[in-house]
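If you want the building blocks of each chain, they are given just below.
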Amino acid sequence: MKFNSEWDILRIIKSKTENSFSPIKSIQGIGDDCAVIPYSQTEFGLITTDILIEKVHFKHSYMTNSEIAIKSITASVSDIAAMGGKPLYAFISLGLKKDTSDKTIIELYDGFSEASELYDIEIAGGDISKSLHDTIINVALYGTVLKENVIYRSGANINDTIY
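Residues numbered from 1 in each chain as written. Predicted model: local features only at pLDDT ≥ 70, side-chain atom pairs only at ≥ 80, totals over all residues. Heavy atoms only, no water.

A. Spotlight on the side chain of S131. Residue position: S131 is located in the loop between β4 (122-130) and β5 (136-146). A relative accessible area of 9% places S131 in the buried class. With sequence-adjacent residues up to four places away left out, S131 is seen in contact with G95, L96, K97, K98 and I136. (Helix = DSSP H or I, 4+ residues; strand = E, 2+ residues; numbered from the N terminus. Buried < 20%, exposed > 50% of the residue type's maximum accessible area, 1.4 Å probe, protein only. Contact = heavy atoms within 4.5 Å.)

Encoded structure:
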């Protein structure tokens, strides 16, 4: 089966996961910028994740390692912002080629740190694995939003300005 768009893939994923067991059901799951989950009486929790793959989402020929790291954090921050929320905690996972230098890792984390300071985010964890071919960066981000301020894609109207 050939998928024509990301939306086709999301429809299949949603159909396969909508009956998964969860003692705490999400408010909004697959298909929006973030998953919206119960958090407190006044706020929802927001969770998003974005993956960047070398030669697909970035190339070292036109971006520094620091710029690549900043882009990866910013992609997830934009999802939290799109839902009206504030990002709080980042979890960064890296797939690194065998020949990745210490200098590259330092430069990446200089960029992660710069973006984290800019957006007032704490880097709270992550994972590292070997990649056989290209660098892979995944950022999972957790934030919160006041319940009355949450913005869903379904709330978009004709003539709205989208950023």
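That shown, we press on.
B. Main features of the nonpolar core. Judged by nonpolar contacts, the single largest core of 26 residues is most densely connected at L46, I73, F112 and I137. Elements with a contribution of two residues or more to this core: β2 (43-53), α2 (65-82), β3 (86-96), α3 (102-119) and β5. Take this core: its biggest share by element is five residues, from α2. Excluding anything up to four places from it in sequence, I73 contacts A90, I92, F112, A115, S116, Y119, I121 and V139. (Core = buried A, V, L, I, M, F, W, Y, C linked by side-chain atoms within 4.5 Å.)

C. Main features of the pattern of salt bridges. Considering all chains together, one arrives at four salt bridges under this definition. Here K97 and E54 are joined by a salt bridge, their closest N and O atoms 3.2 Å apart. Of this pair, K97 sits in the loop between β3 and α3 while E54 sits in the loop between β2 and α2; the two residues are 43 residues apart in sequence, bridging distant segments of the chain. E54 gets classed as buried once you look at its relative accessible area, which sits at 7%. (Salt bridge = Lys/Arg side-chain N within 4 Å of Asp/Glu carboxyl O.)

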